[in-house]
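Structural characterization, general
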Amino acid sequence: YHIKIEKFKEENGRQYLVLANHQTGFDQFFPSFAFKQHLYYVASEDIFSMGWLSKLIQWIANPIPIKKQTLDLKAIKTCLQVVKQGGTLALAPEGNRTYSGRTEYMNPAIAGLAKKLKLPIALFRIEGGYGAQPRWSDGVRKGTVRGYVSEVIEPEEVAALSKEALLERIQKGLLVN
């Protein structure tokens, strides 16, 4: 992908909720190169049905499975447990890779989860991924991909915002076209 990932310098051992946009098949691994600490990924249960590739992903990242378009209480409980034990969570609120290069629909429930976790939110933007690996293509193309933390929303700000305002801020911070 010729990706250039900027190290996140403000980390200082703090926990975060890392939210990233979703452009390529490997986006879920890019934030790991920006953060020093281990990231606990939340991933669609779809990735657990791909045979040997699923086993490899589980061995490398051991993601927290979540059911799409439903209220998955088991996944939420696991996320709360990880945070309680000092872990940093990472997920792509779009849930799917972009079809057009523009950041897709985000489930509004992400704002509720963010408020419940009471963590600073690190918005990790991936730019150029759609050109390097469009969803409709089987191959990877030449191009430059960039990944970086575009903004940190502090817990005080998260608490002060309504769910709708927080969702809007997350959407704006992750918007790539």
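Everything numeric in this text was worked out from a predicted model, so none of it was measured.

Right, let's talk about the overall build of the protein for a bit. From N to C terminus, the protein includes seven helices and seven strands. Going from N to C terminus, the protein has its helices and strands arranged as β-β-α-β-α-β-α-β-α-β-α-β-α-α. Computed over the C-alpha atoms, the radius of gyration of the protein is 15 Å, within 12% of the 16 Å expected from 2.2 N^0.38 for a compact globule of 177 residues. Seen along its three principal axes, the alpha-carbon backbone of the protein occupies a region of about 45 × 30 × 30 Å.

It is worth spelling out the pairing of strand β7 (residues 145-153) at this point. Here strand β1 (residues 3-5) pairs with β7 via three bridges, running parallel. Along β7, the bridge assignment pairs I3 with V145. Here seven bridges tie strand β6 (residues 121-127) to β7, and the two strands are oriented antiparallel to one another. Along β7, the bridge assignment pairs L123 with E151.

What follows deals with the side chain of T103. Looking at where T103 falls in the secondary structure, it is placed in the loop between β5 (88-91) and α4 (109-117). Overall, the relative accessible area of 13% leaves T103 in the buried class. Polar contacts involving the side chain of T103 include one to the main-chain amide nitrogen of V176, which spans 2.8 Å. Setting aside chain neighbours within four positions, we find T103 in contact with N21, E94, L174, L175 and V176.

What follows deals with the sheet that holds β7. Reading across from one edge, β1-β7-β6-β2-β5-β3-β4 is the order of the seven strands in this open sheet, with mixed pairing throughout. In the strand order of this sheet, the two ends are held by β1 and β4 (64-66), each with one partner. Looking at each pair of strands side by side, their axes are set apart by 25° on average, direction ignored. Note: strand β3 (residues 39-44) against β4, three bridges, orientation parallel. If you follow S44 over to β4, its bridge partner there is I66. Helix-sheet contacts for helix α3 (residues 73-84) involve β3, β4 and β5, and the interaxial angle to β4 is about 150°.

Tracing the backbone through its elements, the reader meets R125 in strand β6. In terms of polar contacts, R125 uses its side chain to reach the side chain of E127, at 2.8 Å. Beyond its immediate stretch of four places on either side in the chain, R125 contacts N21, R146, G147, Y148, S150, K172, G173, L174, L175 and V176.

What follows is about the pattern of salt bridges. Counted by the stated rule, this structure contains six salt bridges. Between E6 and R146 there is a salt bridge, and its shortest N-O distance comes to 2.8 Å. Of this pair, E6 sits in the loop between β1 and β2 (17-20) while R146 sits in strand β7; the two residues are 140 residues apart in sequence, bridging distant segments of the chain. The class for E6 is partly exposed, based on a relative accessible area of 38%. Of the charged contacts, one joins R169 and E151 as a salt bridge, the two residues approaching to 2.6 Å between their closest N and O atoms. Of the two residues, R169 is situated in helix α7 (residues 163-174) and E151 in strand β7; the sequence distance between them amounts to 18 residues.

What counts, and where the lines are drawn
- Each chain has its residues counted from 1, running along the sequence as written.
- Only residues with pLDDT of at least 70 get local features here, since the model is predicted, and only at 80 or more are side-chain atom pairs given and counted; chain-wide, interface and lining totals rely on the full set of residues.
- Only hydrogens and water are set aside when side-chain values are computed; all heavy atoms of the structure are taken into account.
- Strands here are runs of E lasting at least two residues and helices are runs of H or I lasting at least four, both read from the DSSP assignment and numbered beginning at the N terminus.
- C-alpha atoms define the radius of gyration, and 2.2 Å times the number of residues to the power 0.38 defines the globule rule.
- Between any two strands, pairing holds if DSSP finds at least two bridges.
- Think of it in three bands: residues with accessible area under 20% of the maximum for their type are buried, residues over 50% are exposed, and the middle band is partly exposed, with areas taken using a 1.4 Å probe on protein chains only.
- For the purposes of these results, a polar contact is taken to be a pair of N or O atoms within 3.5 Å, where, inside protein, one atom must be able to donate a hydrogen and its partner to accept one; residues adjacent in sequence count only when each atom of the pair is a side-chain atom.
- Any two residues having at least one pair of non-hydrogen atoms within 4.5 Å are treated as being in contact.
- Here the axes come from fitting lines to C-alpha atoms, over the contacting stretch only for helices, and the angles between their N-to-C directions go from 0 to 180 degrees.
- Salt bridges, as used here, are contacts in which a Lys or Arg side-chain nitrogen is within 4 Å of a carboxyl oxygen on Asp or Glu.

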